[in-house]
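Close look at the chain arrangement
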Amino acid sequence: MTTEAHTESTEATTAAPTGVILTDVAAGNVKRLLEQEGRDDLRLRIAVQPGGCSGLRYQLFFDERSLDGDVVSDFDGVEVVVDRMSSPYLAGATIDFADRIDAQGFTIDNPNAQNSCACGDSFH
C-alpha cells in the first residue's frame, strides 16, 4: 500500500480510541480489499517504525495478530489497530484514500509530523 502526505479534507468518522481517523472513503476501500482477499479475520494495522529518509516510516498492512497493548477502533465495520508504541505518533492522524491522476492509494495526514519526505512515506 502506498502512503503519502495528504491535506485535502474528506468526510471522516470521528476520532476513535486509537486517535486515528479513518475516512469513509478509506474504510470503503479497506472493506473492498478485504472482500477480495476473502478474509474476515484481518484488521488494518497502522504502525510507525524507525527508518525512511525523515526518521520514522508509516506502515499500513492487514494483520490477524493481536499484540499486547493494541488499541482497536471500529470504523463502519473496519477495525483499525495501532500498537501502543505507535499510538503517540499517530494521534489525530487521518487515513484517507486518494484516487487521482497524481496520487492513488492510502494517504496519511499526520498533524504530529514536523517534517516529511517528498515520497510521503516517512516523517519526523
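Residues numbered from 1 in each chain as written. Predicted model: local features only at pLDDT ≥ 70, side-chain atom pairs only at ≥ 80, totals over all residues. Heavy atoms only, no water.

1. What to know about helix α1 (residues 24–37)
With 14 residues, α1 extends 20 Å from end C-alpha to end C-alpha; this agrees with the ideal 20 Å at 1.5 Å per step. Restricting attention to buried positions, one finds in α1 the residues Ala26, Ala27, Asn29, Val30 and Leu34. Looking down the long axis of α1, one finds its buried residues gathered within 165° of arc, a one-sided arrangement. Opposite the buried face of α1, by more than 90 degrees, sit the exposed residues Glu35 and Gln36. Once α1 finishes, Gly38 follows within two positions and takes phi at roughly 70°, a positive value. (Helix = DSSP H or I, 4+ residues; strand = E, 2+ residues; numbered from the N terminus. Expected span 1.5 Å × (residues − 1). Buried < 20%, exposed > 50% of the residue type's maximum accessible area, 1.4 Å probe, protein only. Arc of directions from axis to C-beta.)

2. A look at the environment of Phe75
Considering the arrangement of structural elements, one finds Phe75 in strand β4 (residues 71–75). Assessed through its relative accessible area of 2%, Phe75 is described here as buried. Phe75 sits 54 residues away from Ile21 along the chain, and the two C-alpha atoms are 8.5 Å apart.

3. What to know about the pairing of strand β6 (residues 94–99)
As a general feature of sheets, a regular strand has side chains that alternate between the two faces. The pairing of strand β1 (residues 21–22) with β6 spans two bridges and is parallel. If you follow Ile21 over to β6, its bridge partner there is Thr94. Pairing of β6 with strand β7 (residues 104–109) involves six bridges; the strand directions are antiparallel. Residue pairing across strands places Ala98 opposite Gly105, the latter belonging to β7. The turn joining β6 and β7, which pair antiparallel and follow one another in sequence, is formed by four residues. (Pairing = 2+ DSSP bridges.)

4. Points about the nonpolar core
Among the nonpolar cores identified, the biggest contains 23 residues, and Leu22, Ile46, Leu90, Ile95 and Phe106 are the most heavily contacted of them. Secondary structure elements with two or more residues in this core: α1, β2 (43–50), β3 (56–63), β5 (78–82), β6 and β7. Counting residues per element, this core draws most heavily on α1, which supplies four residues. Leaving out residues up to four positions away in the same chain, Ile46 has contacts with Val20, Gln59, Leu60, Val80, Val81, Val82, Asp83, Ser86, Leu90 and Ile95. (Core = buried A, V, L, I, M, F, W, Y, C linked by side-chain atoms within 4.5 Å. Contact = heavy atoms within 4.5 Å.)

What is shown is where atoms sit, not what they do.
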